[in-house]
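# An overview of the molecular structure
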Amino acid sequence: MRFTGKSVIVTGGASGIGLACVEAFAAEGASVTIADIDAARGEAAAVRLGAEGRSVRFVACDVARASDASALVRSALDWTGRLDVLVNNAGILEPGDILGLEEAAFDRVLAVNLKGAFLVGQAAARVMVEQGGGAIVNMGSVNGVLAIPNQLAYVVSKGGLHQLTRAMALALADKGVRVNAIGPGSIATDLLRQVMTDEAARRRILARTPMGRLGEPAEVARLALFLASEEASYITGQIVYIDGGRLPLNYTVPVPD
Ligand code: NDP
């Protein structure tokens, strides 16, 4: 129960990795605010976890809107009187390479994945500094350093998010607020599970995954817990990769049938 009495916000907390983070923080005693654009799924998750005895509630929020970002942080304060942890996890994809990507699609991805983390991160950091401490965990990606040509906007947004992490961490280092990022590889969310049913896609992904399997959302959540906890008290400005060995790998590994 490392987070008893702590107040946590998880953006994009209605599904996938975000939901796993919500479950993990709540299981360790935190009061968790799910902030998501998907009200139906967010409400349902809050009701389900509430019935299991967890302290979880849902707030509708589009992280790309400054007014939503500040209202979100205010509402967490109204609820618990404090804000200890922010997990900036909301993220979207829009396919397209440099020759074909529409300007609007580029703007959408950057607005959610990068500007959203800035907006919620700024609102949260101001409260945490005032309060005397806190921790922010940004959900980056191996695609912050590796590039996929047909996911131009996404890889740019994640590269930017890694730099946002470093610049925030430095500005807040002497103010009791730590900022780190997680760089997941291929994690078994609903979307990726579906992708894995296609044999060619499965081979492509596993050929670049030395551990030979996808990561689980709960494994990413455990890293978020660690980075947000007192156990990580001297860690700030880092991007921690959780990718089954993908980043150090040059070339490919054999894929079993
Ligand atoms: P999901 O799509 O399962 O979850 C993302 C959640 O964010 C969804 O509920 C989504 O709602 C919500 N969301 C989208 N836009 C907004 C917005 N503007 N404001 C608030 N919430 C929003 O994604 P994953 O769990 O797979 O990914 C979570 C994070 O992890 C992302 O940042 C992603 O880039 C990162 N990541 C994921 C990897 C993976 O393999 N899954 C690998 C590396 C990084 P809706 O469904 O309605 O869009």
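Thresholds applied
Residues numbered from 1 in each chain as written. Predicted model: local features only at pLDDT ≥ 70, side-chain atom pairs only at ≥ 80, totals over all residues. Heavy atoms only, no water. Salt bridge = Lys/Arg side-chain N within 4 Å of Asp/Glu carboxyl O. Helix = DSSP H or I, 4+ residues; strand = E, 2+ residues; numbered from the N terminus. Buried < 20%, exposed > 50% of the residue type's maximum accessible area, 1.4 Å probe, protein only. Contact = heavy atoms within 4.5 Å. Polar contact = N/O pair within 3.5 Å; in protein donor to acceptor, adjacent residues only side chain to side chain. Near = heavy atom within 4 Å. Areas by Shrake-Rupley, 256 points an atom, 1.4 Å probe, with all protein chains shown as cover. Nonpolar A, V, L, I, M, F, W, Y, C, P; charged D, E, K, R; others polar. Disulfide = S-S within 2.5 Å. Pairing = 2+ DSSP bridges. Axes fitted to C-alpha atoms, helices over the stretch in contact; angles between N-to-C directions.

## Side note on the pattern of salt bridges
Under the counting rule described, the total for this entry stands at 15 salt bridges. Here Asp84 makes a salt bridge to Arg82, at a shortest N to O gap of 2.6 Å. Residues joined in a network through salt bridges with shared partners are Glu199, Arg202, Arg203 and Asp257.

## Some words on the environment of Ser157
If you trace the backbone, Ser157 turns up in helix H5 (residues 152–172). Residue Ser157 is classed as buried on the basis of its relative accessible area, which comes to 0%. It is 9.0 Å that separates the C-alpha atoms of Ser157 and Asn143, two residues lying 14 residues apart in sequence. Not counting chain neighbours up to four residues away, the residues in contact with Ser157 comprise Val109, Leu110, Asn113 and Leu114. A distance of 2.7 Å separates a polar side-chain atom of Ser157 from the backbone oxygen of Tyr154.

## Let's talk about the site of the ligand
Inspection of the region around the ligand gives 27 residues, with Ile17, Asp36, Arg41, Asn89 and Tyr154 positioned closest. Within the side chain of Ser15, one N or O atom sits 2.9 Å away from an oxygen atom of the ligand. For the ligand, an oxygen atom lies 2.8 Å from a polar atom in the side chain of Asp36. Surface burial for the ligand is 81%, taken as the share of its 900 Å² of free accessible area covered by protein chains. For the shell around the ligand, the per-class residue count stands at twelve nonpolar, ten polar and five charged.

## As for the state of the cysteines
Here, disulfide denotes a covalent bond that connects the sulfur atoms of two cysteines. In this structure the tally under the stated criterion is zero disulfides. Of all cysteine sulfurs, the one in Cys61 lies closest to Cys21, which takes part in no disulfide; the gap is 16 Å.

## As for the sheet that holds strand E3 (residues 55–60)
Taken in spatial order, the seven strands line up as E3-E2-E1-E4-E5-E6-E7 in an open sheet, and their pairing is parallel. Here the strands that pair on one side only, and so sit at the sheet edges, are E3 and strand E7 (239–242). Strand-to-strand twist across the sheet, computed as the mean angle between neighbouring axes with direction ignored, equals 20°. Where strand E4 (residues 85–88) lies against strand E5 (residues 134–139), four bridges are found, and the strand directions are parallel.

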